[in-house]
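What follows is each chain in one-letter form.
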Amino acid sequence: MNILVANLGSTSFKFRLFRFDGAGAAALLAKGGYERVTDYGKAIDDCLAELQAGGHVRSPADLHGVGFKTVLGKNLTGCLRADTDERVIAALDGFKEIAPAHNPPYALGIRRFREKLPGVPLVALFETAFYQWMPEAATRYAVPQAWYEAGVRRYGFHGASHKFAAERSAELLGRADIAERVRQLYQTGPASVASAATGAKPLRVISCHLGGSSSVTGIRDGVAVGTSMGLSPQSGLPQNNRVGDLDSAAVPFVMKTLGLSLAEVERQMTKEGGLLGLSGVGNDLRDVRAAAQQGNARAQLALDVFVHSARHWIGAYLVELGGCDALVFTAGIGENNPDLRAAICANLGGLGLELDPAKNGALRGAEGEISAAASRTKVFVIPANEELVVARETLRCISAQN
Ligand code: ADP
């Protein structure tokens, strides 16, 4: 079975082609992408031509499904058919104000795929899917009821990434039972992931997806109990150029005192905040770190704020979970920055979490354990594998409906 995963950005189109064997094992056959895309129809044609030239698919009939990592659709979530279920595009369109950089490209891209590949199953895996079973108290803001009914609540993002971290960390801890149940989560629901039912010890994981955008999620037995991102991906930790958490009073305050329009405030919060706003250097952590090493105080402060925020959220889930069996670092920053990992884990020996400095220092961009032998909490680096999660869920969704 050939499953294409399409990653649609506001001006980019990236793809990966996976082939699944009969036992469900996936091989990555091809990957590629285009920048400065203005016409998704043409990008789809180019992608198919590339796959044909590479000998991977002879015609669209060789594609068994296309998966999309859609972001959010208000109350519509999970893994859904995007070619036949009209609610998917309606939900993306209906909530585009909250994810203006993400929802419109996906709605447009899915429409184009429907036209170009009629009959090929399309599947949307919402990034919010992993948070469907969070306790309600972890999802609500203290806003008037009408705001809540309009959709103002915590949804959570990076669901595919944190789901992979939950599954892989369970495997690394020898809990194949939980890993298998995490794989089935979107088909069977959380009931299947309750250790309580089997009498086994609950598995408590804190997953740190630290990248261009960052979030921390607390996970019990493979099910999210809370996450740092809220209504939109503009929340939680400082992001590359977007503000993270911000007191809501700041918006009317700067509108009045700096004379900014609402549109300008929105632009600055999404383009000039985060690591860029704090450091004044750039939105890539490598540049910020290099500047800090050369003595740039604002760049060092940006790193300190990032670390402080990551620790704040890790602390929240340490309490919520009553401890932590595995702390996971994933995504570009989490996988490649030993210094930052060390700063995030500093002085936690009293809580049973200690890094092995040599292992941590040596590990970049690969999977491995970086905790000290005596550490009660295992600390893992697990490279992000969001596309594989989307491909697997796409296959399952299609297979379940056939
Ligand atoms: P996105 O969220 O856009 O997918 P990534 O997960 O690739 O982004 O994370 C991008 C961030 O990861 C950047 O801030 C970058 O500095 C950092 N990063 C990526 N690769 C490396 C590396 N090899 N060394 C240090 N930092 C890296």
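Residues numbered from 1 in each chain as written. Predicted model: local features only at pLDDT ≥ 70, side-chain atom pairs only at ≥ 80, totals over all residues. Heavy atoms only, no water.

Chemist: When you look at the nonpolar core in this model, what are you seeing that I'm missing?
Modeler: Side chains that are nonpolar tend, in soluble globular proteins, to be buried together. Counting residues in each nonpolar core, the largest one holds 37 residues, and the members touching the most others are Leu 125 and Phe 130. Looking at this core, the element that brings in the most residues is helix α17 (residues 386–401), giving seven residues. Setting aside its immediate chain neighbours within four residues, Leu 125 contacts Phe 68, Lys 69, Thr 70, Gly 78, Cys 79, Tyr 186, Val 389, Val 390 and Glu 393. Core analysis: the second largest hydrophobic core is formed by 36 residues, Val 225, Ala 310, Cys 345 and Leu 355 among them. (Core = buried A, V, L, I, M, F, W, Y, C linked by side-chain atoms within 4.5 Å. Buried < 20%, exposed > 50% of the residue type's maximum accessible area, 1.4 Å probe, protein only. Helix = DSSP H or I, 4+ residues; strand = E, 2+ residues; numbered from the N terminus. Contact = heavy atoms within 4.5 Å.)

Chemist: Just checking my understanding: could you explain the side chain of Ser 375 for this structure?
Modeler: Assignment of secondary structure puts Ser 375 in the loop between β11 (368–369) and β12 (378–381). Taking relative accessible area as the criterion, Ser 375 reaches 5% and is therefore assigned buried. Among the polar contacts made by the side chain of Ser 375, one reaches the main-chain carbonyl oxygen of Gly 352 at a distance of 3.3 Å. Not counting residues up to four positions away in its chain, the partners in contact with Ser 375 are Gly 352, Leu 353 and Glu 354. (Polar contact = N/O pair within 3.5 Å; in protein donor to acceptor, adjacent residues only side chain to side chain.)

Chemist: Honestly, the site of the ligand in this entry has me stumped. Any pointers?
Modeler: Lining the immediate surroundings of the ligand are Gly 211, Gly 212, Ser 213, Asp 284, Leu 285, Arg 286, Ala 331, Gly 332, Ile 333, Asn 336 and Asn 337. Gly 212 has a polar backbone atom sitting 3.0 Å from an oxygen atom of the ligand. Taking Gly 332, its main chain carries an N or O atom lying 2.9 Å from an oxygen atom of the ligand. Here the ligand loses 62% of its free accessible area of 570 Å² to cover by the protein chains. Counting residues per element, the ones that place at least two in the shell around the ligand are α12 (285–293) and α14 (331–336). No other element matches the four residues that α14 contributes to the shell around the ligand. Looking at the shell around the ligand, its residues break down into three nonpolar, six polar and two charged. (Near = heavy atom within 4 Å. Areas by Shrake-Rupley, 256 points an atom, 1.4 Å probe, with all protein chains shown as cover. Nonpolar A, V, L, I, M, F, W, Y, C, P; charged D, E, K, R; others polar.)

Chemist: Help me understand the pattern of salt bridges in this model?
Modeler: Close approach of charged atoms allows side chains of opposite charge to pair. What the rule picks out here adds up to 24 salt bridges. Note that Glu 167 and Arg 392 form a salt bridge whose closest N and O atoms lie 3.0 Å from each other. Of this pair, Glu 167 sits in helix α5 (residues 159–172) while Arg 392 sits in helix α17; the two residues are 225 residues apart in sequence, bridging distant segments of the chain. For Glu 167, a relative accessible area of 3% gives the class buried. Across the pair Arg 267 and Glu 264 runs a salt bridge whose closest N-O atoms are separated by 3.0 Å. Taken as a pair, Arg 267 and Glu 264 lie in helix α10 (residues 262–271) at a separation of three residues, close to a single helical turn. Through salt bridges with shared partners, a single ionic network connects Glu 167, Arg 168, Glu 171, Glu 180, Arg 183, Glu 367 and Arg 392. (Salt bridge = Lys/Arg side-chain N within 4 Å of Asp/Glu carboxyl O.)

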